[in-house]
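# Breakdown of the fold
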Amino acid sequence: MKAPKLFIIIPCYNEQEALPITAKRLKELTDDMAFREIIDPASRIMLVDDGSKDDTWRVIEGLHMSDSRFEGVKLAHNAGHMNALWAGMTLAVDRCDCIISIDADLQDDVNAMYGFLEEYRKGADVVSGVRSSRKKDTWFKRTTAQGFYRLMGRLGVEMVYNHADYRLLSQRALKALLSFGEVNMFLRGMVPMLGFKTAEVYYERGERVAGESKYPLKKMVAFAMEGITSLSNKPIRYVLALGALCALLGLAMAVYVVIAFINHHTVAGWASLMMSVWLLGGLQLMALGLIGEYVGKIYMETKRRPKFILEEHLK
Ligand code: UDP
Ligand code: MG
């Protein structure tokens, strides 16, 4: 098999400190890979500036001038991590055999790429990098992240445990992913929907080489909410279940109220008030949940996801 033309795609938001180090590291890495004929020498490192406010773009321009292997993409505003990745993938898809997406801070071990490409050579279309441990993450980050993966599992979203957005996609898997019509994107939940032959490569997660995390708590919570609501309708179903439970309790309450009323244990007005509070409350929640079901359906429809993804066609 011919060595594949690889595009390494890196979203960068205010990464002026980390980028020079990252670029140097990736240059050495791609040199070595090209030398060993693991990748095509025409492979590229694509740096996507996600509307940074610091000198990130100037750094990228400098890199591009010094070495044509570095490609620069500048987004007009801060579109967010997922959208920056999407932009890079859209611009790369027609010129590559495969892509690898990785963060700009080198927290993910670049040497795992050898493993990725090995799996690709063996026929995998999707290779996910999985953190074998998160010792270097803060306690808070680690616990919240793992809690989130569990929660997503409960909600019926298929995700690779402890895998972030460090992955290889073959051209055809990438094309399939890009055919998803949704605007609210959560890539690590979408990739498993593609199917195709997949593989996992394990590595140790390190610390940021420079600069600070671009995911403050606010963005982390927003990201998690996006993940849940863009992939699962189950929260709506929970409302429906809660409503049904309340309505049932209401019925039991009604029986109790009637008995109390007959036995004259009540003050005037109490019986009717109790009944209406419970029954109406339950019915309202149920109605909301039911409407939610339809809104959820409409929501999924508006995504215009592809109905199938073709893996092979013999003709
Ligand atoms: N990033 C981005 N746009 C944003 C926020 C982050 O492109 O609005 C990039 C950032 O430059 C980095 C990657 O997303 O390459 C992951 O961010 P970070 O390493 O800060 O997240 P953490 O590892 O702390 O979760
Ligand atoms: Mg990071």
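All residue numbers refer to position in the chain's written sequence, counted from 1. Chains and ligands are labelled sequentially in the order written, the chains with letters from A and the ligands with numbers from 1. pLDDT decides what is reported in this predicted model: residues at 70 or higher carry local features, side-chain atom pairs at 80 or more are listed and counted, and totals for whole chains, interfaces and linings draw on all residues regardless. Working from all heavy atoms in the structure, the side-chain values ignore hydrogens and water.

### With respect to the overall build of the chain
- Each helix is a run of H or I in the DSSP string that is no shorter than four residues. Each strand is a run of E no shorter than two, and both are numbered from the N terminus. Assigned secondary structure in the chain consists of 10 helices and seven strands.
- A globule of 315 residues ought to have a C-alpha radius of gyration of about 20 Å, yet the chain, at 26 Å, is considerably larger.
- Each of the three principal axes of the chain carries a C-alpha extent, and together these read 90 × 55 × 35 Å.
- Each of the 315 residues in the chain was classed as buried or not, and the buried ones make up 44%.
- Contact between two residues is taken to exist if any of their heavy atoms lie within 4.5 Å; hydrogens are not considered. When contacts within the chain are restricted to residue pairs at least 6 apart in sequence, those whose partners lie at least 24 apart make up 82%.
- Here the Shrake-Rupley method, with its probe set to 1.4 Å, supplies the accessible areas, and only the displayed protein chains count as covering residues. Roughly 16,900 Å² of accessible area belongs to the chain as shown, and the carbon and sulfur atoms make up 62% of that amount. The globule rule used here is 2.2 Å times the number of residues to the 0.38 power, and the radius of gyration it is set against is calculated over C-alpha atoms. Only protein chains enter the calculation, and the probe is 1.4 Å; a residue is then buried if its accessible area is under 20% of its type maximum, exposed if over 50%, and partly exposed in between.

### Side note on the layout of surface pockets
- A cavity here means a set of points on a 1 Å grid, drawn over the protein atoms and nothing else, where a 1.4 Å probe fits but cannot get out; a pocket is an open set with protein on both sides within 12 Å along at least five of seven lines, and a residue lines either one if it has an atom within 4 Å of a point. Grid points are joined across faces, edges and corners, and a volume is the space filled by probe spheres set on the points. One number sums up the size of the largest pocket: a volume of about 1,100 Å³.
- For the lining of the largest pocket, the secondary structure elements donating two or more residues are β1 (6-12), α3 (81-92), α5 (139-154), β6 (163-170) and α8 (217-231).
- Here the lining of the largest pocket takes nine residues from α8, the largest share from any one element.
- Of the residues contributing to the lining of the largest pocket, the split by class is 20 nonpolar, nine polar and 17 charged. Side-chain classes are defined by residue name, with Ala, Val, Leu, Ile, Met, Phe, Trp, Tyr, Cys and Pro counting as nonpolar, Asp, Glu, Lys and Arg as charged, and the others, Gly among them, as polar.

### Description of the site of ligand 1
- Proximity is defined per residue: any heavy atom of the residue falling within 4 Å of a molecule or strand makes that residue near it. Near ligand 1 there are 19 residues, and of these E15, D50, D105, S213 and K214 occur at the shortest range.
- N or O atoms within 3.5 Å of each other form a polar contact, as long as, within protein, one can give a hydrogen and the other can take it, and as long as residues adjacent in sequence are counted only when both atoms are side-chain atoms. With respect to ligand 1, the side chain of D50 contributes an N or O atom lying 2.6 Å from a nitrogen atom.
- The separation between an oxygen atom of ligand 1 and a polar side-chain atom of S213 is 2.6 Å.
- Protein chains bury 95% of the 530 Å² of accessible surface belonging to ligand 1 in isolation.
- Put plainly, a molecule is in a cavity or pocket when over half of its atoms are within 2 Å of the grid points there. Placement of ligand 1 is best described as lying within the largest pocket.
- For the shell around ligand 1, the class distribution of residues is five nonpolar, five polar and nine charged.

### Structural notes on unusual backbone geometry
- Positioned with a positive phi, E37 is a non-glycine residue whose angle comes to about 60°.
- Tracing the sequence through the fold places E37 in the loop between α1 (18-35) and β2 (44-49).
- Here L106, not a glycine, exhibits a phi torsion of approximately 55°, which is positive.
- Considering the arrangement of structural elements, one finds L106 in the loop between β4 (98-101) and α4 (112-121).
- Residue class for L106 comes out buried when judged on its relative accessible area of 14%.

### A word on the packing of aromatic side chains
- For Phe, Tyr and Trp, rings pair up if their centres lie within 6.5 Å, where Trp contributes its six-membered ring, and each pair is then called stacked (planes under 30 degrees apart), edge-to-face (over 60) or tilted (otherwise). The final tally for this structure, using the stated rule, is seven aromatic pairs.
- Each ring, one from Y149 and one from Y161, has its centre 5.7 Å from the other, and the planes form 65°; the classification is edge-to-face. Here Y161 lies in the loop between α5 and β6 and Y149 lies in helix α5, a separation of 12 residues in the sequence.
- Measuring from centroid to centroid gives 4.9 Å for F186 and F223, while their planes differ by 50°, and the two rings are tilted.

### What to know about the side chain of E182
- Relative to the assigned elements, E182 resides in the loop between α6 (171-178) and α7 (187-194).
- With residues near it in sequence (within four places) discarded, E182 still touches M190, S230, K303 and R305.

Read these as layout, nothing more, since geometry by itself doesn't imply function.
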